[in-house]
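If you want the building blocks of each chain, they are given just below.
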Amino acid sequence: MNVNNKLTSLSISFAVAVLLIASCNQIDLYEKNAVIPHYQWKSDYKATGSILIKDTNSSYNVYVVLRHTDAYGYNNIWLDVGLQAPGDSIQSKKINISLGIDAGGWEGTGMDDIWEVRKLISANSNFFKKPGLYNFYIGQAMRDNPLQHIMSAGLRIEKTNQ
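**Student:** So, the sheet that holds strand β5 (residues 76-84): which residues are in play, and what are the values?
**Tutor:** If you walk across this open sheet you meet the four strands as β3-β11-β5-β6, and the pairing is antiparallel. In this open sheet, the two edge strands, each paired with only one partner strand, are β3 (46-53) and β6 (90-98). The sheet shows a mean angle of 20° between the axes of neighbouring strands, taken without regard to direction. Pairing of β5 with β6 involves nine bridges; the strand directions are antiparallel. Bridge pairing links D80 to K94 in β6.

**Student:** Can you break down the nonpolar core residue by residue, with the values?
**Tutor:** Ranked by size, the top nonpolar core spans 34 residues in total, and within it W41, L66, I77, L79, I138 and L155 carry the most contacts. Secondary-structure elements contributing two or more residues to this core are β1 (29-35), β3, β4 (60-69), β5, β6, β10 (114-125), β11 (132-140) and β13 (150-159). Not counting the four nearest positions on each side in its chain, L66 is found in contact with W41, I77, L79, L99, W115, E116, V117, S152 and A153.

**Student:** With reference to specific residues and values, describe the pattern of salt bridges.
**Tutor:** Tallying each qualifying case throughout the model produces six salt bridges. Between D55 and K159 there is a salt bridge whose closest N-O contact spans 2.8 Å. Residue D55 is located in the loop between β3 and β4, and its partner K159 is located in strand β13; the two are separated by 104 residues in the primary sequence. With a relative accessible area of 24%, D55 lands in the partly exposed category. The exposure class of K159 is partly exposed, given its relative accessible area of 25%. Between R67 and E116 there is a salt bridge, with the nearest N and O atoms lying 2.4 Å from each other. Of this pair, R67 sits in strand β4 while E116 is found in strand β10, placing the two residues 49 residues apart along the sequence. In this structure R67 comes out as partly exposed when scored by relative accessible area, which is 33%. Judged by its relative accessible area of 19%, E116 is buried. In the salt-bridge network here, residues are joined through shared partners; they are E31, R156 and E158.

**Student:** Report on unusual backbone geometry, specifying residues and quantitative values.
**Tutor:** As a rule of thumb, non-glycine residues mostly have phi less than zero, and peptide bonds are mostly trans rather than cis. Cis geometry marks the peptide bond from N145 to P146; its omega dihedral reads 5°. Residue placement: P146 occurs in the loop between β11 and β12 (147-148). Backbone geometry places H38, a non-glycine residue, at a positive phi of 60°. Tracing the backbone shows H38 in the loop between β1 and β2 (40-41). Located in the positive-phi region is D112, a residue other than glycine, with phi close to 55°.

**Student:** Let's hear about the side chain of S58: which residues, and what values?
**Tutor:** Looking at where S58 falls in the secondary structure, it is placed in the loop between β3 and β4. On the basis of relative accessibility, which here comes to 16%, the residue S58 falls in the buried class. One polar contact links S58 to D55, side chain to side chain, over a distance of 2.5 Å. With residues up to four places along the chain from it excluded, the contact list for S58 reads S125 and K159.

**Student:** Tell me what's going on with the sheet that holds β1, and back it up with residues and numbers.
**Tutor:** In space, the five strands of this open sheet follow the order β1-β13-β4-β10-β9, with antiparallel pairing throughout. Both edges of this open sheet fall to β1 and β9 (109-111), since each of them pairs with a single strand only. For this sheet, the mean angle separating the axes of adjacent strands, direction not counted, is 15°.

What counts, and where the lines are drawn
- Every residue gets a number counted from 1 within its own chain, in the order that chain's sequence is written.
- For this predicted model, a pLDDT threshold of at least 70 governs which residues receive local features, and a threshold of 80 or more governs which side-chain atom pairs are given and counted, while totals over whole chains, interfaces and linings are taken from all residues.
- The side-chain numbers reported here are obtained from all heavy atoms of the structure, hydrogens and water having been left aside.
- By definition, two strands form a pair when at least two bridges between them are found by DSSP.
- Strands here mean DSSP runs of E at least two residues long; helices mean DSSP runs of H or I at least four residues long; both are numbered from the N terminus.
- Angular values range over 0 to 180 degrees, each being the angle between N-to-C directions of two axes fitted as lines to C-alpha atoms, with helices fitted over their stretch in contact.
- The definition of a nonpolar core used throughout is a set of buried Ala, Val, Leu, Ile, Met, Phe, Trp, Tyr and Cys residues joined through side-chain atoms within 4.5 Å.
- Whether a residue is buried, partly exposed or exposed follows from its accessible area with a 1.4 Å probe, protein chains only, as a fraction of its type maximum: under 20%, in between, or over 50%, in that order.
- The contact rule is simple, with two residues in contact once any of their heavy atoms fall within 4.5 Å.
- Salt bridges, as used here, are contacts in which a Lys or Arg side-chain nitrogen is within 4 Å of a carboxyl oxygen on Asp or Glu.
- We call two N or O atoms a polar contact when they sit within 3.5 Å, provided that within protein one can donate a hydrogen and the other can accept it, with sequence-adjacent residues counted only if both atoms are side-chain atoms.

In structure tokens:
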């Protein structure tokens, strides 16, 4: 084997080792989605979940994640979102999420007639002040009951790099 082949082989081995080490970094992410039965979201049905927060010194971005069909009849959706810290009462708020624009079509990513949208509802949140299990719920707050063509709803929490 000549010197050039040895250097090339060594460079490739080094690059593979760097990629393996870099891929071992843990992404601090949580996402929990609940399927809406029969794609008919009744006003009394809440998508629920829990997340264990250990790092209370970091900030987090909180997203709502919705999946709907192309047949959904509105450009937006009103949601009632609640989050409960360990040992505290639930803090909730109503939010209006844009899902599309008449001229521009649906927001988010789509495949065939299924669309998923992820909307930031709290940036750099320091809500997670206590370590422990946090519970959440998401309910629909539209006038239609049941609300047709919503497939799933959930929450995504990402640790920020600040």
